[in-house]
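Residue-level structure breakdown
The primary structure of each chain is shown beneath.
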Amino acid sequence: MGDSPPKELISLADDEGNSVTVNVLGRAAGWAAGLDAEIVVRTPFVSGRIDLALSVPRLESWGDALNRLDAGEDVAWMKMSRGPSIFIRLTGERDCPEVVVEDEGGSMVTVRVPLVPPDDWIAAHRRRLHQVMSYWAPMLSA
């Protein structure tokens, strides 16, 4: 990992040009327990980004979501909290996995991105989470 902080917490993409990423940008100014982050959506049709605040409990809840996905369950990450939500449905409306990014409390926009991630995507995201937690969590005071 070296001295550079891990940037990508989530990176879901397919060969069709569809992707949803969550990038950690750094420590949040004015919030000792938080990280500035962003959700970035890219498709051949629509692209966009939205700011996101991350904390250790949110990162831990992403780990719980990965466990539920591995058990074959759909997940809603950050639902019922301030800011955007991410839903991952293993079988979406087009009979393939989809990621739904919803900004109900801000722009009131919802974007549905069908994509087929690689077979090892859950294990890869567990590694990403571990890297982010190992680097950032010790610096964040509760």
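Described in the following lines is the structure provided in the data block. (Residues numbered from 1 in each chain as written. Predicted model: local features only at pLDDT ≥ 70, side-chain atom pairs only at ≥ 80, totals over all residues. Heavy atoms only, no water.)

**With respect to the overall build of the protein**
Along the backbone of the protein there are 2 helices and 8 strands. Listed N to C, the secondary structure of the protein is β-β-β-β-α-β-β-β-β-α in terms of helices and strands. Looking at the protein as a whole, 43% of its 142 residues qualify as buried. A separation threshold of at least 6 residues defines the contact pool for the protein, and within that pool the share at least 24 residues apart is 42%. Put simply, the protein has 14 plus and 21 minus side-chain charges, and the middle of one group is 5 Å from the middle of the other. (Helix = DSSP H or I, 4+ residues; strand = E, 2+ residues; numbered from the N terminus. Buried < 20%, exposed > 50% of the residue type's maximum accessible area, 1.4 Å probe, protein only. Contact = heavy atoms within 4.5 Å. Lys, Arg positive; Asp, Glu negative; His and termini not counted. Charge placed at Lys NZ, Arg CZ, Asp CG, Glu CD.)

**Notes on the pairing of strand β3 (residues 35–42)**
Burial analysis of β3 places 6 of its 8 residues in the buried class, the great majority of the element. Bridge count for strand β2 (residues 19–27) against β3 is 8 bridges, and the pairing is antiparallel. In the sheet register, Val20 faces β3, and the bridge partner there is Val41. Taken together, the 8 bridges between β3 and strand β4 (residues 47–54) define a ladder with antiparallel strand orientation. Residue Asp36 lies in a different strand from β4, and its bridge partner there is Ala53. (Pairing = 2+ DSSP bridges.)

**Looking at the side chain of Asp103**
You can see Asp103 is positioned in strand β7 (residues 98–103). Despite its burial, Asp103 pairs with no opposite charge, the nearest such side chain being Arg58 at 10 Å. Side-chain polar atoms of Asp103 contact the backbone nitrogen of Ser107, separated by 2.7 Å. In contact with Asp103, not counting residues within four places along its chain, are Ile50, Pro84, Met108 and Val109. (Salt bridge = Lys/Arg side-chain N within 4 Å of Asp/Glu carboxyl O. Polar contact = N/O pair within 3.5 Å; in protein donor to acceptor, adjacent residues only side chain to side chain.)

**Examining the packing of helix α1 (residues 56–70) against helix α2 (residues 121–136)**
Where α1 contacts α2, the axes come no closer than 10 Å and their chain directions differ by 165 degrees. The orientation of α1 relative to α2 falls into the category roughly antiparallel. Classified by chirality, the crossing of α2 by α1 is left-handed. In this structure, α1 uses Val56, Leu59, Glu60, Trp62, Gly63, Leu66, Asn67, Leu69 and Asp70 to contact α2, whose residues at the interface are Trp121, Ile122, His125, Arg126, Leu129, Val132 and Met133. Per-class residue counts for the contact of α1 with α2 are 10 nonpolar, 3 polar and 3 charged. (Axes fitted to C-alpha atoms, helices over the stretch in contact; angles between N-to-C directions. Parallel < 35°, antiparallel > 145°, perpendicular 65-115°, else oblique. Left-handed = near helix turned anticlockwise from the far one by under 90°. Nonpolar A, V, L, I, M, F, W, Y, C, P; charged D, E, K, R; others polar.)

**As for the sheet that holds β3**
In space, the 4 strands of this open sheet follow the order β1-β2-β3-β4, with antiparallel pairing throughout. Here the strands that pair on one side only, and so sit at the sheet edges, are β1 (8–13) and β4. Going from strand to strand, the sheet's axes swing by 20 degrees on average, the running direction of each strand aside. Where β1 and β2 come together, 5 bridges link them in antiparallel fashion. Among the inter-strand pairings, Ser11 is bridged to a residue of β2, identified as Thr21. Along the sheet, α1 contacts β1, β3 and β4; its crossing angle with β4, the most-contacted strand, is approximately 115 degrees. Sitting on the sheet, α2 touches β1, β2 and β3, and the angle it makes with β1 is about 160 degrees.

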